[in-house]
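Coordinate analysis (summary)
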Amino acid sequence: MKNPINLAIFASGNGSNFSAIVKAIKQKKIKVRSVILVCDKPEAFVIQRAQKAKIPVVLIRREDFVNRGDFEEGIVQRLKNYKINLIVLAGFMRILSVSFVKLYHNRVMNIHPSLLPDFKGAHAIEDAFKHKPSFTGVTVHFIDEQVDNGPVILQQKVKINKSDSLFLLERRIHALEHKLYPEAIKLFVNAKLKIRAGKVYLG
Ligand code: GRF
């Protein structure tokens, strides 16, 4: 492997994106040297998914540290132990500090269930459903110092139909997430992402 990638998937909850990424790795659609799960919630279902898939779990609880700085320092130490060089946030319910973002500049991806910059925040699908634009979508991006912001890697639309229920819309968005996130990671692993002046170019 030319540039071996040691991948850390950060998740706090269900973990359907975690499973989609791990599936793509197991099917050899994405070639990484190693993969771990970093989780901050002992009760999260994603931990069961990781155990079933035999992926190492780093469980690190915010409550075990006096402040966010120490908590993040704890994470960084673990990442160093595993020589992690790409982080993907997949439903990780914590905001990372500016110093963490700087340390892993352009090496932390996030997935967001809207066409960013529209509908930032934790309720993006519900918010789009309420406001009923013709389209919403999914965005994969590198993170920067602001929440749900940073250079867009892949973005794809999802139509909102008049007859849609929130459940149906969520289902289509999640299905697209499970396709788009492995694609974005594959582009990174294959060194196809060039970043210039805060923009991502494919090639
Ligand atoms: C996804 O909708 C993702 O876009 C958002 O959090 C959700 C995580 O879902 N950041 P899951 O835990 O991967 O099922």
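This text goes with the structure placed above it.
Everything in this summary refers to the structure shown in the same document. Since this is a predicted model, take the numbers as computed values, not measurements.

1. Some remarks on the site of the ligand
In the neighbourhood of the ligand, the contacting residues comprise Asn-14, Gly-15, Ser-16, Asn-17, Gly-91, Ile-111, His-112, Pro-113, His-174 and Glu-177. Residue Asn-17 places a main-chain N or O atom 2.8 Å away from an oxygen atom belonging to the ligand. The separation between an oxygen atom of the ligand and a polar side-chain atom of Glu-177 is 2.3 Å. For the ligand, whose accessible area on its own is 370 Å², the fraction buried by protein is 82%. Of all elements in the fold, only α1 (16–26), β5 (108–112) and α6 (166–189) reach the threshold of two or more residues within the shell around the ligand. Partitioning the shell around the ligand into residue classes produces two nonpolar, seven polar and one charged.

2. Observations regarding the sheet that holds strand β7 (residues 152–159)
Read from one edge of the open sheet, seven strands run β3-β2-β1-β4-β5-β6-β7, paired in mixed fashion. Among the strands making up the open sheet, the edge pair consists of β3 (57–59) and β7. Across the sheet, the mean angle separating the axes of adjacent strands is 20° when strand polarity is ignored. Each of β1 (6–11), β2 (34–39), β3 and β4 (86–89) touches helix α3 (residues 68–81); the most contacted strand, β1, lies at about 150° to it. Those strands touched by α6 are β4, β5, β6 (135–142) and β7, and its axis lies near 160° from that of β7.

3. Considering the environment of Val-57
With respect to the element layout, Val-57 can be found in strand β3. For the pair Val-57 and Ile-36, spaced 21 residues apart in sequence, the C-alpha to C-alpha distance is 6.0 Å.

4. What to know about the packing of aromatic side chains
The full count for this structure, using the stated rule, is five aromatic pairs. Measuring from ring centre to ring centre gives 5.1 Å for Phe-10 and Phe-92, while their planes differ by 75°; the resulting arrangement is edge-to-face. Of this pair, Phe-10 sits in strand β1 while Phe-92 sits in the loop between β4 and α4 (98–103); the two residues are 82 residues apart in sequence, bridging distant segments of the chain. Accessibility classification places Phe-10 together with Phe-92 in one group, the buried group. For the ring pair Phe-100 and Tyr-104, a centre distance of 5.1 Å and an interplane angle of 35° mean the geometry is tilted. The residues Phe-100 and Tyr-104 share a single accessibility class, namely buried.

Rules used in this analysis
Residues numbered from 1 in each chain as written. Predicted model: local features only at pLDDT ≥ 70, side-chain atom pairs only at ≥ 80, totals over all residues. Heavy atoms only, no water. Near = heavy atom within 4 Å. Polar contact = N/O pair within 3.5 Å; in protein donor to acceptor, adjacent residues only side chain to side chain. Areas by Shrake-Rupley, 256 points an atom, 1.4 Å probe, with all protein chains shown as cover. Helix = DSSP H or I, 4+ residues; strand = E, 2+ residues; numbered from the N terminus. Nonpolar A, V, L, I, M, F, W, Y, C, P; charged D, E, K, R; others polar. Pairing = 2+ DSSP bridges. Axes fitted to C-alpha atoms, helices over the stretch in contact; angles between N-to-C directions. Contact = heavy atoms within 4.5 Å. Phe/Tyr/Trp six-rings, centres within 6.5 Å; stacked < 30°, edge-to-face > 60°. Buried < 20%, exposed > 50% of the residue type's maximum accessible area, 1.4 Å probe, protein only.

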